[in-house]
Amino acid sequence: MPQVHSFPTITELSHEAATLLVEAAWEAVTDRGRFLVAFSGGNTPRPLYELLASEQWAHRIPWQQTHVFWADERCVPPEHAASNYRLVRETLLTRVQVPPTQVHRIRGEQEPQRAAREYEARLQRVLGPHASLDLVLLGMGADGHTASLFPGTAALRERRRWVVANHVPALGAWRITLTYPAINSARQVVFMVAGPDKADMLARALADPPWPVSQVPAAGVRPVSGRLTWLVDEAAALPASMGGPRVTH
Ligand code: 6PG
């Protein structure tokens, strides 16, 4: 069963996400000597990245032992305003000490199939056999997509590869994304979801029995043995009496 926690505002939600990251990082570094994290793009995690970069928080994560990956990327160069790499770099990575060789960006400027293959190879090289990401941070769109797993797209059916190029007709664009096999093998997955436009989809993503992933891709995130936590704001969390998810405040 996923844990679902609701917070009055994105500020409290971001504090909780930061706390989960710190705990996961130290557990990973203590047990395995390094912390393997995948970040997402979008607006929701921006305050989290800024918080982690702040003077109060920057020293709480063992950045020297951290490897930074991305859950997905847009097919744009790294300096582009839409680049997920750029978002994390500008808000966080320029302010904390992650060794450059431990920053594993998706090369969105390359031909999408090639970018996916190269990123998958890098991910597997760094992880090695039988390893998993320690924490994957995800958002969810109002259409139910997560990472770049969009409704009705081919990447939803991928059962073997960890990274694919995914054409998204609704956007008229390619994206590079982690697949369910990669996400669901993680030790921990944390969703951050905020805003009233997400309420319907959040209820569907958490519904039991689950909605088909072709319609609600976020519902396909079910770590095989890892922890799944949804951090949501009150605007996204409908009361259970209205058919919304059961949440703890
Ligand atoms: C991206 C993401 C994507 C995001 C959702 C939610 O590249 O945009 O990785 O999956 O998490 O679209 O985005 P918001 O946080 O902006 O609502």
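Structure: see above.
Source: prediction; values computed, not measured. (Residues numbered from 1 in each chain as written. Predicted model: local features only at pLDDT ≥ 70, side-chain atom pairs only at ≥ 80, totals over all residues. Heavy atoms only, no water.)

### Side note on the site of the ligand
Alright, step 1. In the vicinity of the ligand there are 16 residues, among which Thr 44, Asp 72, Arg 74, His 145 and Ala 147 approach most closely.
Alright, step 2. His 145 places a side-chain nitrogen or oxygen 2.7 Å from an oxygen atom of the ligand.
Alright, step 3. Out of a free accessible area of 420 Å², the ligand has 89% covered by protein chains.
Alright, step 4. A majority-of-atoms criterion places the ligand in the second largest pocket. (Near = heavy atom within 4 Å. Polar contact = N/O pair within 3.5 Å; in protein donor to acceptor, adjacent residues only side chain to side chain. Areas by Shrake-Rupley, 256 points an atom, 1.4 Å probe, with all protein chains shown as cover. 1 Å grid on protein atoms, 1.4 Å probe; cavity = no way out; pocket = protein on both sides within 12 Å on 5 of 7 lines; lining within 4 Å. Sits in = over half its atoms within 2 Å of the grid points.)

### Some words on helix α4 (residues 112-127)
Alright, step 1. For α4, which comprises 16 residues, the first-to-last C-alpha distance of 22 Å matches the rise-based estimate of 22 Å (1.5 Å per residue) to within 8%.
Alright, step 2. Listed in full, the buried residues belonging to α4 are Pro 112, Ala 115, Ala 116, Tyr 119, Glu 120, Leu 123, Val 126 and Leu 127. With its buried residues spanning 135° around the axis, α4 presents them on a single face.
Alright, step 3. Tucked into the core, α4 has its buried residues touching β2 (35-39), β3 (66-70), β6 (163-168) and β7 (173-178).
Alright, step 4. Gly 128 occupies a position one or two residues after α4 and carries a positive phi of about 80°. (Helix = DSSP H or I, 4+ residues; strand = E, 2+ residues; numbered from the N terminus. Expected span 1.5 Å × (residues − 1). Buried < 20%, exposed > 50% of the residue type's maximum accessible area, 1.4 Å probe, protein only. Arc of directions from axis to C-beta. Contact = heavy atoms within 4.5 Å.)

### Remarks on the sheet that holds strand β5 (residues 135-138)
Alright, step 1. Overall, parallel pairing links the 6 strands, which are arranged β1-β9-β8-β5-β2-β3 in an open sheet. Each edge of the sheet is formed by a strand with only one pairing partner; in this case those strands are β1 (3-7) and β3. Across the sheet, the mean angle separating the axes of adjacent strands is 20° when strand polarity is ignored.
Alright, step 2. Both β2 and β3 contribute to a ladder of 5 bridges, which runs parallel. For Leu 36, the partnering residue across the bridge sits in β3 and is His 67.
Alright, step 3. Of the strands in this sheet, β2 and β3 are in contact with helix α3 (residues 84-93), which crosses β3 at around 145°.
Alright, step 4. Each of β2 and β3 touches α4; the most contacted strand, β3, lies at about 155° to it. (Pairing = 2+ DSSP bridges. Axes fitted to C-alpha atoms, helices over the stretch in contact; angles between N-to-C directions.)

### Describing the side chain of Glu 73
Alright, step 1. Structurally, the position occupied by Glu 73 is in strand β4 (residues 72-74).
Alright, step 2. Of the side chains with opposite charge, Arg 74 lies nearest to the buried Glu 73, which makes no salt bridge, at 5.2 Å.
Alright, step 3. At a separation of 3.0 Å, a polar atom in the side chain of Glu 73 contacts the main-chain amide nitrogen of Tyr 85. (Lys, Arg positive; Asp, Glu negative; His and termini not counted. Salt bridge = Lys/Arg side-chain N within 4 Å of Asp/Glu carboxyl O.)

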